Amino acid sequence: MTDAALAVTERAVERFTETYLKSLGAEITKEGRQWTVSLPEDAPTDLELDGAVLEIIDDPNDVDEGVFAIAPESPFVERLLDEAADRTPTGSLALTGERVDIHLPPWLTDSPVDVVDQTFTPYYDRRAVCALFHVGIETVSEYQREELHAVAIDLNDHEERPRLADTYLELTDDEQPELDEGRAIDEQELTDALDVAYTTLENELSSTVRETRERATRAAEVELDEYRQFVRQRRDELSDEIDSLTTRIEDVTETIDTASQQEERVEALRKRKELRAERDDLRSELDDLTTKIEAGFPDKRQEIQERHALTVRLRPVAATAVSYERGDLDLTLGADETTISKSYGYALGVGVVEEVACDRCGKQLTAENPLDIDGKQTVGAACCDD
């Protein structure tokens, strides 16, 4: 999973909508944030979109009647995602040095060293599948997340290529030039790659899923505790009402025993019968609550747990076979009066494909430990830069 995938969810929805509509053969006329869609008669979709007007908007409830909202969680986008998940349209593209800029790693861009010159020499092509997944994390009652995530899987080693997923998202931007078509991928390769991408995304979302599940569990516990307090309060109220009725029944019984008139005695007998029936009902309710308390509220507990149960949905909605050149990136690096030349394994759209370490201590270079130059060595600015 890429950080960009999370940050560009709204933008990703817009890109996905356009990409998917074009995969149906649609022509899109844009006027600001409104799109008008034309579809061929044989377009493979159940959606009635020919002549439809779409609008990019923050709140899907703010569109005019008859206009479809392009926004995360809008019903229209959800329908597109559902249909795309069934079709999983595929495409292909090729990344070449003429179309993709060199992307330098953070341990270099954040370093005190200048890149005086850079040359990329491709040696061979690698292939990958970039898949766009619709991710839904929700419970019935409280939590809901709907996002799009891009995952790139190299077809040679089935390893994730996070930077390639970023590039894939960037290249679907309107402002980017049209790309050359790459080589198509066969169905089995696509299936295998999507399986790996699915597992990769599932693993990377595990912490988010765990946190959401913990929140849902806490919410369920709070709700059960509130119900437990309510039941116990009701039990105490019932006990008080039963005691009160018992006292009233005793008073009525005394009236019966001391009544001098037959009519008064009959009325008291009727009243005692009503009070006893009412007390019996309350005792039945009290017995039922006492049983539930002693059993730990199994039915209510199950009802609450079902309502807070977590549902996680990961569905691929688009897949693109990507060919990318791999070779060497030759850099001339300069700091103060010193320049040195270095060569790193590099792939277009992916970046530097090897871990680079400090020449002196072997510690990995990162954004927090960027590259610096000491004589003819490249060292870490945070580990060995004296």
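A brief report on the enclosed structure follows. Quick caveat, the model's predicted, so the values are computed rather than measured. (Residues numbered from 1 in each chain as written. Predicted model: local features only at pLDDT ≥ 70, side-chain atom pairs only at ≥ 80, totals over all residues. Heavy atoms only, no water.)

Each helix and strand counted, the protein has nine helices and twelve strands in total. If you line up the protein on its principal axes, its C-alpha atoms span 120 × 65 × 40 Å. Going through the 386 residues of the protein one by one, you find that 43% of them count as buried. The long-range share in the protein, meaning contacts at least 24 apart out of those at least 6 apart in sequence, stands at 65%. For the protein, the exposed area adds up to about 21,100 Å²; of that, 42% sits on carbon and sulfur atoms. Averaging the coordinates of the 42 positive side-chain charges in the protein and doing the same for the 93 negative ones gives two points 9 Å apart. (Helix = DSSP H or I, 4+ residues; strand = E, 2+ residues; numbered from the N terminus. Buried < 20%, exposed > 50% of the residue type's maximum accessible area, 1.4 Å probe, protein only. Contact = heavy atoms within 4.5 Å. Areas by Shrake-Rupley, 256 points an atom, 1.4 Å probe, with all protein chains shown as cover. Lys, Arg positive; Asp, Glu negative; His and termini not counted. Charge placed at Lys NZ, Arg CZ, Asp CG, Glu CD.)

Look at helix H7 (residues 206-258) against helix H9 (residues 298-307): their axes get within 10 Å of each other, and the N-to-C directions meet at 150°. Of the possible angle classes, the one that applies to H7 and H9 is roughly antiparallel. The handedness of the crossing between H7 and H9 is right-handed. Here Ala220, Glu223, Leu224, Tyr227 and Arg228 of H7 come into contact with H9, specifically with Lys300, Arg301, Ile304 and Arg307. When its residues are assigned to classes, the contact of H7 with H9 shows four nonpolar, no polar and five charged. (Axes fitted to C-alpha atoms, helices over the stretch in contact; angles between N-to-C directions. Parallel < 35°, antiparallel > 145°, perpendicular 65-115°, else oblique. Left-handed = near helix turned anticlockwise from the far one by under 90°. Nonpolar A, V, L, I, M, F, W, Y, C, P; charged D, E, K, R; others polar.)

Positive phi, normally seen in glycine, also occurs at His158, with a value near 55°. On the secondary structure map, His158 appears in the loop between strand S7 (144-154) and helix H5 (162-171). Residues other than glycine seldom take positive phi values, yet Asp336 does so here, at roughly 55°. Counting through the fold element by element, Asp336 comes out in the loop between strand S8 (310-335) and strand S9 (338-347).

Applying the stated criterion across every chain yields a total of seven aromatic pairs. Taking 6.4 Å as the distance between ring centres and 40° as the angle between the ring planes, the aromatic pair formed by Tyr227 and Phe230 counts as tilted. Taken together, the residues span about one helical turn, with Tyr227 and Phe230 both in helix H7 at a distance of three residues. Aromatic ring contacts, followed pair by pair, group Tyr227, Phe230 and Phe297 into a single cluster. The ring of Tyr227 is capped by Lys300, whose NZ or CZ atom sits 4.8 Å from the centre of that ring. (Phe/Tyr/Trp six-rings, centres within 6.5 Å; stacked < 30°, edge-to-face > 60°. Lys NZ or Arg CZ within 6 Å of the ring centre and 35° of its normal.)

What is shown is where atoms sit, not what they do.
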